[in-house]
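Below, each chain spelled out in residue letters.
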Amino acid sequence: MQLFYNPTISEKDTSFVFDKEESKHIIKVLRKKESDILFVTNGLGFIFKTEIALASDSKCTVTILSFEKEEPFKVQLHLAVAPTKMNERYEWFLEKATEIGIQEITPIICEHSERKVIKNDRFQKIIESAMKQSLHYYIPKLNEPITYKEFIKKDFKGQKFIAHCEETDKKSLKDALILNENITLLIGPEGDFSTKEIQLALENNYIPVSLGKTRLRTETAAVVACHSVALLNE
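Since the model is a prediction, treat every value here as computed from it, not as a measurement.

Undergrad: Explain the side chain of Thr 106 residue by residue, including any values.
TA: Position of Thr 106 relative to the elements: it lies in strand S7 (residues 104-109). Looking at Thr 106, the relative accessible area reads 3%, which means it is buried. Not counting residues up to four positions away in its chain, the partners in contact with Thr 106 are His 78, Leu 79, Ala 80, Val 81, Tyr 90, Asn 143, Glu 144, Ile 146 and Phe 151.

Undergrad: Tell me about unusual backbone geometry, and please be specific about residues and values.
TA: For Arg 31, which is not glycine, the phi dihedral falls at a positive 55 degrees. For Arg 31, the location among the structural elements is in the loop between helix H1 (20-29) and strand S3 (37-41). A relative accessible area of 67% places Arg 31 in the exposed class.

Undergrad: Give me the packing of helix H2 (residues 87-100) against helix H7 (residues 218-233): which residues, what numbers.
TA: Taken N-terminus to C-terminus, the directions of H2 and H7 make an angle of 5 degrees; their axes are 9 Å apart at the nearest point. On the basis of their axis angle, the class for H2 and H7 is roughly parallel. Between H2 and H7, the contacting residues are Arg 89, Trp 92, Phe 93, Lys 96, Ala 97 and Ile 100 on the first element and Glu 219, Thr 220, Ala 222, Val 223, Cys 226, His 227 and Ala 230 on the second. Along the lines of polarity and charge, the residues of the contact of H2 with H7 split into eight nonpolar, two polar and three charged.

Undergrad: Requested: an account of the environment of Tyr 206, with residues and values cited.
TA: Its location among the elements puts Tyr 206 in the loop between helix H6 (195-203) and strand S13 (207-210). Taking the relative accessible area as the measure of exposure, Tyr 206 reaches 3% and is therefore buried. Placed 46 residues apart in sequence, Tyr 206 and Lys 160 show a C-alpha to C-alpha distance of 4.8 Å. Setting aside residues up to four positions removed in sequence, Tyr 206 forms contacts with Phe 151, Ile 152, Phe 156, Lys 160, Phe 161, Ile 162, Thr 184, Leu 186 and Ala 201.

About the thresholds
- Residues numbered from 1 in each chain as written.
- Predicted model: local features only at pLDDT ≥ 70, side-chain atom pairs only at ≥ 80, totals over all residues.
- Heavy atoms only, no water.
- Helix = DSSP H or I, 4+ residues; strand = E, 2+ residues; numbered from the N terminus.
- Buried < 20%, exposed > 50% of the residue type's maximum accessible area, 1.4 Å probe, protein only.
- Contact = heavy atoms within 4.5 Å.
- Axes fitted to C-alpha atoms, helices over the stretch in contact; angles between N-to-C directions.
- Parallel < 35°, antiparallel > 145°, perpendicular 65-115°, else oblique.
- Nonpolar A, V, L, I, M, F, W, Y, C, P; charged D, E, K, R; others polar.

Honestly, it's all geometry; don't read function into it.
See the structure below:
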């Protein structure tokens, strides 16, 4: 099944018009024609079965035949991940985390962050593409970048973890996770969190965790964490 995405379609609609870019892709590239069936999600759990009523490459119009809603994930995983020096690595993380299943992502700017300018528009497109490719009906929420100090002050329900590389007493993430509890996890930049940042997390009730015996890149650590949560709660 090929999945299309548009955040504006709702269960109250009887028909829908794709924008010019998507219409051109559907008609010119995919060579869809009138009466062909398209499946569309709005990223809020709904999957719509639609039929092309007007095969126009400028405003492809579909009639909604039926819809279903998928149950939301039991566990809400929120990863706060420092941007990587190379954008491609962060984009890889976004793609893989979306495929595995994640609900919220926040880029955090840390003391050792080498990249402090983020292109969220590009990141959003990566997430949308990965959601469609993996046939998810819920799109992860991508927040605007925020400083570490601002993020750490926020109140999050459920378990809170910080993954860092300092040689201190840490639990293994897979052993620390509790079934069916929401999770917020901090992952630092290439230079790791500073000692002050780690201490600040501890003061705000974050539990220090390890993601394995080897030192992982930022993007790899984020994907490992995402997968660990998914395995526990599948």
